[in-house]
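These are the residues of each chain, in order.
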Amino acid sequence: MPSVVVWESTKACDFNCKHCRAFSLKERLPDELTAHEIERHVIDRIHGMFVISGGDALKRDDIFEIARYSSSRVMTALSPSGSRISKDVAKMIKDAGIKAVSISIDGPETIHDSFRGVQGAFRISSEAIKNVKEEGVWLQINTTISKFNIDYLDQVKETVMSFYPDSWDIFVLIPTGRATKSMEILPIQNEMLMLKVRQWRKEGLNVRMTCNPYFVRFSAVRGDVIPGYDPEKGRGSAGGARGCMASNGFLFIAYNGDVYPCGFLPIKLGNVREERLDEIYNSPLSKEVGDPNLLEGKCGICEYKLYCGGCRARVYSKTKNIHAQDDFCLYHPKVMYHDKRFQIS
């Protein structure tokens, strides 16, 4: 079974983010998993971490019933939009046994509001952060790096750190959902970003990178610890870095029970209403998605393929080939310097 399961509890959300993976809507859809279904088909079958996401999970009136059930069985985290967390709601989050809450901050107020598609979004999220912290719940700030904020990394860091989060998770935009290729940063900009993150970690910041598996390679070549890899459990994490999680210790469950290798990779593996979650995770298709031995091109010969794997969602969004080499990575595997097939005559 995966070590992390993320559940898209609903597509309903009050924000209108430019990069939304979920194509969020204002109202809930009729075929959402019920509380009974998510408890019986998912929570009762997992042993790792359960993350309640969305849309905005707080748009569901049964979300705290579900959270109390899950937190009594597994480590439970909540990833809301941040638009509905009053003092009373923050207390309900804590009382439900939720151990961690993640709220997005993508930069200073102007940048954040523009990116989130709602005037005043920064102020709303700021209030939510304050309320969560006052309840003593672990606060993680998530930041998506795109062309809209890549040139303001120092300001982004200063803004995030002004909230004194317990942890900071940096995502690099993947062109799926509403996000387009024109919103992506350049590969060379990502190298610059990773340099910044590594330096921030050396300064003592608890910052890591998700959906940016290249940080494994970037850190390793500079002498940092390489995350572990277990064929059964998938890729591990170390030093703020983790390789591609798609079907590697990770599953994403959509609002209607459809299961995907990750939230950015639109390859349906099954549906929890029809199949057991463990059977879906161990299915031939899931194994194929997560198998590093099937990687092609330079990813297939890279000495870090077990630990990094490239971003399969990013590759698929551009090539529709789940195993193609990831051209977002600028690294040249060592074998390329010795294999005549890769040498320029």
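In the nomenclature of an unreviewed UniProt entry, the protein chain is known as SPASM domain-containing protein of Sulfuracidifex metallicus DSM 6482 = JCM 9184. Turning to the protein chain, the UniProt annotation filed under Cofactor (unreviewed entry) states: "[4Fe-4S] cluster".

Asks: Give me the overall build of the protein chain: which residues, what numbers.
Replies: Along the backbone of the protein chain there are twelve helices and 14 strands. Whereas a compact globule of 345 residues would reach a radius of gyration of roughly 20 Å, the protein chain reaches 20 Å, a difference of no more than 12%. Across its three principal directions, the C-alpha atoms of the protein chain cover 65 × 45 × 35 Å. Counting the 345 residues in the protein chain, one finds 59% classified as buried. The contacts in the protein chain between residues at least 6 apart in sequence include a share of 69% that link residues at least 24 apart. In the form shown here, the protein chain has an accessible surface area of approximately 14,900 Å², with 52% of it arising from carbon and sulfur atoms. Mean positive and mean negative side-chain charge positions of the protein chain (47 and 43 charges, respectively) differ by 4 Å.

Asks: Please set out the pairing of strand E3 (residues 75-78) residue by residue, giving values where relevant.
Replies: Sheet topology note: the strand E2 (residues 49-53)/E3 ladder contains four bridges and is parallel. Pairing of Phe50 across the sheet is with Thr76, part of E3. Viewed along the sheet, the connection from E2 through helix H2 (residues 63-71) into E3 turns out right-handed. Pairing analysis gives two bridges linking E3 to strand E4 (residues 100-104), with the strands arranged parallel. Pairing of Leu78 across the sheet is with Val101, part of E4. Considered for its hand, the β-α-β crossover made up of E3, helix H3 (residues 87-95) and E4 is right-handed.

Asks: Summarise a nonpolar patch on the surface; cite the residues concerned and give the values.
Replies: Where nonpolar side chains cluster on the molecular surface, the patch consists of Leu186, Ile188 and Leu330 and spans about 280 Å² of accessible area. Considering the arrangement of structural elements, one finds Ile188 in helix H7 (residues 187-202).

Asks: Outline the nonpolar core, listing residues and values.
Replies: Counting residues in each nonpolar core, the largest one holds 95 residues, and the members touching the most others are Phe50 and Leu193. Considering every element that reaches this core, the biggest residue donor is helix H8 (residues 214-220), with five residues.

Asks: How would you sum up the pattern of salt bridges? Please name residues and give values.
Replies: In a structure, side chains of opposite charge can pair up when their charged atoms sit close to one another. Enumeration according to the criterion identifies 18 salt bridges in this entry. A salt bridge links Lys91 to Asp95; the nearest nitrogen and oxygen atoms lie 2.8 Å apart. Note that Lys91 and Asp95 are positioned in helix H3 at a spacing of four residues, about one turn of the helix. On the basis of relative accessible area, Lys91 is assigned to the partly exposed category, the value being 43%.

Asks: Please set out the pairing of strand E12 (residues 250-253) residue by residue, giving values where relevant.
Replies: Burial along E12 is two-sided: Phe250 and Phe252 and Leu251 and Ile253, pointing in opposite directions, are all buried. Pairing of strand E1 (residues 4-8) with E12 involves four bridges; the strand directions are parallel. The residue bridging Trp7 from the neighbouring strand is Ile253, located in E12. Two strands pair when backbone bridges link them, and E12 and strand E13 (residues 258-260) are joined in this way by two bridges, in the antiparallel orientation. Residue pairing for E13: Ile253 is matched across the bridge by Val259.

Asks: Explain the environment of Phe218 to me, using residue names and the numbers behind them.
Replies: As for its placement among the helices and strands, Phe218 is situated in helix H8. Each C-alpha atom, one on Phe218 and one on Trp7, is 30 Å from the other, the two residues being 211 residues apart in sequence. In contact with Phe218, other than residues within four places in its own chain, are Glu191, Met194, Leu195 and Arg198.

Asks: Can you tell me about helix H5 (residues 121-134), naming the residues and giving the values?
Replies: In this model, H5 (14 residues) spans 20 Å end to end at C-alpha, consistent with the 20 Å of a helix rising 1.5 Å per residue. In the segment just after H5, Gly136 is the residue with positive phi, at about 80°.

Thresholds, definitions, all that
The numbering scheme is per chain: residues are counted from 1 as the chain's sequence reads. For this predicted model, a pLDDT threshold of at least 70 governs which residues receive local features, and a threshold of 80 or more governs which side-chain atom pairs are given and counted, while totals over whole chains, interfaces and linings are taken from all residues. Derived side-chain values reflect all non-hydrogen atoms in the structure, with water molecules and hydrogen atoms excluded from consideration. UniProt positions are given in the numbering used here, feature names are shortened, and annotations may be inferred rather than shown by experiment. Note on conventions: DSSP H or I runs of at least 4 residues are helices, E runs of at least 2 residues are strands, and numbering of each starts at the N terminus. C-alpha atoms define the radius of gyration, and 2.2 Å times the number of residues to the power 0.38 defines the globule rule. Think of it in three bands: with a 1.4 Å probe and only protein chains considered, a residue is buried below 20% of the maximum accessible area for its type, exposed above 50%, and partly exposed in between. In this analysis, two residues are considered to be in contact whenever any of their non-hydrogen atoms come within 4.5 Å of each other. Note on areas: Shrake-Rupley, 1.4 Å probe, and residue coverage restricted to the protein chains presented here. When charges are counted, Lys and Arg are positive and Asp and Glu negative, with His and the chain ends excluded. Here the site of a charge means NZ on Lys, CZ on Arg, CG on Asp, or CD on Glu. What makes two strands pair is DSSP finding at least two bridges between them. By convention, orient the strands away from the viewer: a clockwise path from the first strand over the helix to the second makes the crossover right-handed. Surface patches are defined over residues having more than 30% relative accessible area and no salt bridge, joining like charges when they lie within 9 Å and nonpolar side chains (Val, Leu, Ile, Met, Phe, Trp, Tyr) when within 5 Å. Salt bridge criterion: a side-chain nitrogen from Lys or Arg within 4 Å of a carboxyl oxygen from Asp or Glu. Residues enter a nonpolar core if they are buried and are Ala, Val, Leu, Ile, Met, Phe, Trp, Tyr or Cys, with the set joined through side-chain atoms within 4.5 Å. In a helix, the anticipated span is given by 1.5 Å times the number of residues less one.

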